[in-house]
Amino acid sequence: MQSLSEISAWTFGTIDQVLSGASASPAISKNNRAQSKIRLRTAASIVLIAGLAYGTAMGCYAAVANQRSWSEQWLQMLFSGVKVPLLILTTLLIALPSFFILNTLFGLRQQFNESLKAILMAQAGLVIILLSLAPITLFIYVSVSPMPQAYSLAVLWNAVAFGSASVAAQLLLQRNYRQLIRQDSKHRVMVRIWIFIYAFVGIQMAYVLRPFIGSPSNEISFFREDPFQNAYVKISQLIWSAMDLWG
Amino acid sequence: MTSKLIQRSPFVNWLFAVDRILRGESIPLDPHEQRDFQIPIFGVSVVVIAMAVTYGFCMGVFSLIHGAETSEYSRALMQTFASMTKVPLLYGLTLMITFPSLYVFNALIGSRLKVTPVFKLLIASLAVNLAVLVSLGPILAFFSASTPNYSFIVLLNVAIFAIAGVLGLMFLVQALNRLANATARHLNQNEQPERPDTPLASTLLASRQAAQTTNAVPDHQHPIAAATLVPSAIQSSPKLPLNRYVKKVFACWILVFGLVGAQMGWVLRPFIGSPDLPFQFFRPRESNFFEAVTNAFWQMFA
């Protein structure tokens with residue numbers, strides 16, 4: 001049985017490797033196998049655990065705001081906790097086949113494992129960054145709860161948190177890809193294509209999986225009551241109506 | 001035991017054949033390489049049809065979801081079945097209708113490719129086209145399941161077909177070039193075994209020498225770096241610039257195949273099935289492809 005200090009040393013060592021981008025570099029893994037302990041499985045479990053943790057924190061809004069009891073709110077926390085890793089991993093699964101075929105066509109099949117590792121590591125980085133923002137999220141929930149527009153502020157803060165974590169994860173992805181790009185500049189095109197496909201699917205996935213926070217005025221449910229909508233159609237309709245207002 | 005099972009299944013072997021096409025291993029890159037153009041026509045055709053049916057199912061998801069919401073199950077199932085048969089029909093009929101003219105243009109322009117290699121080439125490029133199409137299938141299925149907006153799905157389909165078509169053509173032009181060069185070299189070799197006088201043969205000789213010098217560098221130290229020097233299935237090789245016959249044949253092929261393909265797609269409508277119209281296997285002939293795409297774009301904002 002491992003002691004607590006060993007476990008925490010391993011955990012922080014892994015987090016360090018994910019955030020520094022060191023683990024995804026094939027050159028390091030080739031010269032010094034002992035250093036790259038992180039496997040795809042580890043990265044996937046980081047996404048699961050840290051995503052679950054942030055989602056749970058995200059979903060406790062109504063209870064923190066004293067608008068619902070904790071005995072009811074646990075269900076929303078569970079839903080939100082499941083939804084964050086679900087969002088990240090289903091988007092990955094939907095976007096992966098086309099990325100695989102494109103890599104094969106561009107002659108990058110041999111390094112596909114490294115590409116996948118770089119991508120998963122960046123996603124592990126995304127949820128670690130999110131989780132590091134969880135205390136701020138809770139702090140904001142507590143401090144805005146007396147205000148009338150508290151729920152909107154909570155949604156806004158989460159949008160800021162997800163947005164900044166995504167930007168940081170994209171920088172991490174570029175860093176993870178640096179070694180691959182050095183070997184073959186076609187990887188630069190590939191990583192851009194990946195970001196495009198992933199964002200295209202991910203935005204709609206996030207829209208479908210709403211509510212993430214759970215408005216205190218609505219019943220707790222996994223999906224919204226109203227039928228699914230398309231995020232892009234909604235956005236263009238909003239822009240259209242805004243232009244109508246000006247015109 | 002499972003590995004034996006996998007080895008015995010012919011479909012898995014055909015999948016591997018398609019995979020070799022995608023990796024660019026089926027078409028000889030170096031013209032001096034005495035390797036056949038190895039594509040099992042029947043097997044690759046079966047995989048192509050299977051991929052087309054799969055993509056047809058992804059197209060049918062839209063009507064399935066809509067049918068489940070309005071409880072019109074039979075209509076939804078009929079539309080899905082229609083989509084699953086129409087996608088293979090679209091590509092199969094287009095190839096059958098255009099193949100004679102494609103072959104004749106190729107022979108007229110002066111390429112020395114025979115009937116079977118031309119057919120293999122077209123089947124291989126259809127395989128690339130459909131592999132890209134079917135790999136984008138999950139994205140289409142997801143959007144179909146979560147989007148009530150018919151016009152958005154139509155536009156997404158047009159975009160997916162366009163992406164797949166462009167990549168298929170990128171493969172076709174490179175494969176045609178490699179094959180044309182290999183055939184030309186083979187014929188030149190038979191005619192003049194001693195001295196390569198023709199410009200094509202001499203460039204090929206130079207490229208062979210270049211290949212030998214690159215081979216002299218020990219590859220095993222940098223296996224990944226060495227592997228990436230080989231151009232992929234859709235990349236042009238610096239050793240083999242596109243020759244003018246290939247450019248002409250390719251231009252003719254795009255024109256014929258593209259026009260017939262677009263019209264075939266139009267004749268075979270509806271692929272997705274508008275939720276406002278009753279089910280019909282074919283629609284009455286009207287309008288044209290480009291007008292419809294423009295209309296769908298404007299209706300998205302309506």
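Structural notes, computed from the coordinates. Just so it is clear, the model here is predicted, and its values are computed rather than measured. (Residues numbered from 1 in each chain as written. Chains lettered and ligands numbered in written order. Predicted model: local features only at pLDDT ≥ 70, side-chain atom pairs only at ≥ 80, totals over all residues. Heavy atoms only, no water.)

1. Examining the overall build of chain A
Each helix and strand counted, chain A has 10 helices and zero strands in total. Taken from N to C terminus, the helices and strands of chain A fall in the order α-α-α-α-α-α-α-α-α-α. Projected onto its principal axes, the C-alpha positions of chain A cover 60 × 60 × 25 Å. A total of 247 residues make up chain A; the buried ones form 48% of that total. Here chain A displays about 12,600 Å² of accessible surface, and carbon together with sulfur accounts for 66% of that area. With 18 positive and 9 negative side-chain charges, chain A shows a spacing of 14 Å between the two charge centroids. (Helix = DSSP H or I, 4+ residues; strand = E, 2+ residues; numbered from the N terminus. Buried < 20%, exposed > 50% of the residue type's maximum accessible area, 1.4 Å probe, protein only. Areas by Shrake-Rupley, 256 points an atom, 1.4 Å probe, with all protein chains shown as cover. Lys, Arg positive; Asp, Glu negative; His and termini not counted. Charge placed at Lys NZ, Arg CZ, Asp CG, Glu CD.)

2. Side note on a nonpolar patch on the surface
Residues Ile235, Ile239, Trp240, Met243, Leu245 and Trp246 of chain A together with Phe297 and Trp298 of chain B make up a contiguous nonpolar surface patch of roughly 970 Å² in combined accessible area. Contributing elements (two or more residues each) for the nonpolar patch: α10 (231-246) of chain A together with α11 (289-299) of chain B. Here the nonpolar patch gets six residues from one element, more than from any other, and that element is α10 of chain A. As for its placement among the helices and strands, Ile235 of chain A is situated in helix α10. For Ile235 of chain A, a relative accessible area of 42% puts it in the partly exposed group. (Patch = residues over 30% accessible without salt bridge, like charges linked within 9 Å, V, L, I, M, F, W, Y side chains within 5 Å. Salt bridge = Lys/Arg side-chain N within 4 Å of Asp/Glu carboxyl O.)

3. Thoughts on the nonpolar core
In this structure, Tyr177 and Trp194 of chain A together with Val44, Leu121, Phe143, Phe171 and Trp253 of chain B are the most contacted members of the largest nonpolar core, which totals 137 residues. A total of 14 residues in this core trace back to one element, the largest contributor, which is helix α7 (residues 150-191) of chain B. (Core = buried A, V, L, I, M, F, W, Y, C linked by side-chain atoms within 4.5 Å.)

4. Notes on the interface of chain B and chain A
Taken together, the 31 residues of chain B in the interface contact 30 residues of chain A. Carbon and sulfur atoms supply 72% of the area buried between chain B and chain A, which totals about 2,800 Å² over both sides. Applying the counting criterion to the chain B and chain A interface returns one salt bridge. Across the salt bridge formed by Asp19 of chain B and Arg109 of chain A, the nearest N and O atoms sit 2.3 Å from each other. Scanning the region where chain B abuts chain A turns up four residue pairs in polar contact (both at pLDDT 80 or more). Broken down by secondary-structure element, the contributors of at least two residues to the side of chain B that touches chain A are α2 (10-23), α5 (115-135), α6 (137-146), α7 and α9 (223-228) of chain B. Top element by residues in the side of chain B that touches chain A is α6 of chain B. It accounts for six residues. By residue class, the composition of the side of chain B that touches chain A is 22 nonpolar, seven polar and two charged. (Contact = heavy atoms within 4.5 Å. Buried area = accessible area lost by both parts, 1.4 Å probe. Polar contact = N/O pair within 3.5 Å; in protein donor to acceptor, adjacent residues only side chain to side chain. Nonpolar A, V, L, I, M, F, W, Y, C, P; charged D, E, K, R; others polar.)

5. A closer look at the packing of aromatic side chains
In total, this model carries 24 aromatic pairs over all chains according to the counting rule given. Plain terms: the ring middles of Phe222 of chain A and Phe223 of chain A are 5.0 Å apart, the flat faces sit at 90° to each other, and that makes the pair edge-to-face. Look at Phe223 of chain A and you get partly exposed, because its relative accessible area is 36%. Considering the side-chain rings of Phe281 of chain B and Phe282 of chain B, the 5.1 Å spacing of their centres and the 80° angle between planes classify their relative orientation as edge-to-face. With relative accessibility at 31%, the residue Phe281 of chain B sits in the partly exposed group. Its relative accessible area of 44% is what places Phe282 of chain B among the partly exposed residues. Here a set of aromatic residues connected by ring pairs shows up, and it is made of Phe196, Phe200 and Tyr232 of chain A together with Phe142, Phe143 and Phe152 of chain B. (Phe/Tyr/Trp six-rings, centres within 6.5 Å; stacked < 30°, edge-to-face > 60°.)

6. Here's the deal with the pattern of salt bridges
With the rule as written, the count across this model stands at five salt bridges over all chains. A salt bridge links Asp184 of chain A to Lys186 of chain A; the shortest N-O distance between them is 3.8 Å. Of the residues examined, Asp184 of chain A reaches a relative accessible area of 8% and is grouped as buried. By relative accessible area, Lys186 of chain A is classed as buried at 11%. Two residues, Arg23 of chain B and Asp19 of chain B, come together in a salt bridge whose shortest N-O distance is 3.0 Å. Of the two residues, Arg23 of chain B and Asp19 of chain B are both situated in helix α2; the distance of four residues between them amounts to about one turn of the helix. Taking relative accessible area as the criterion, Arg23 of chain B reaches 33% and is therefore assigned partly exposed.

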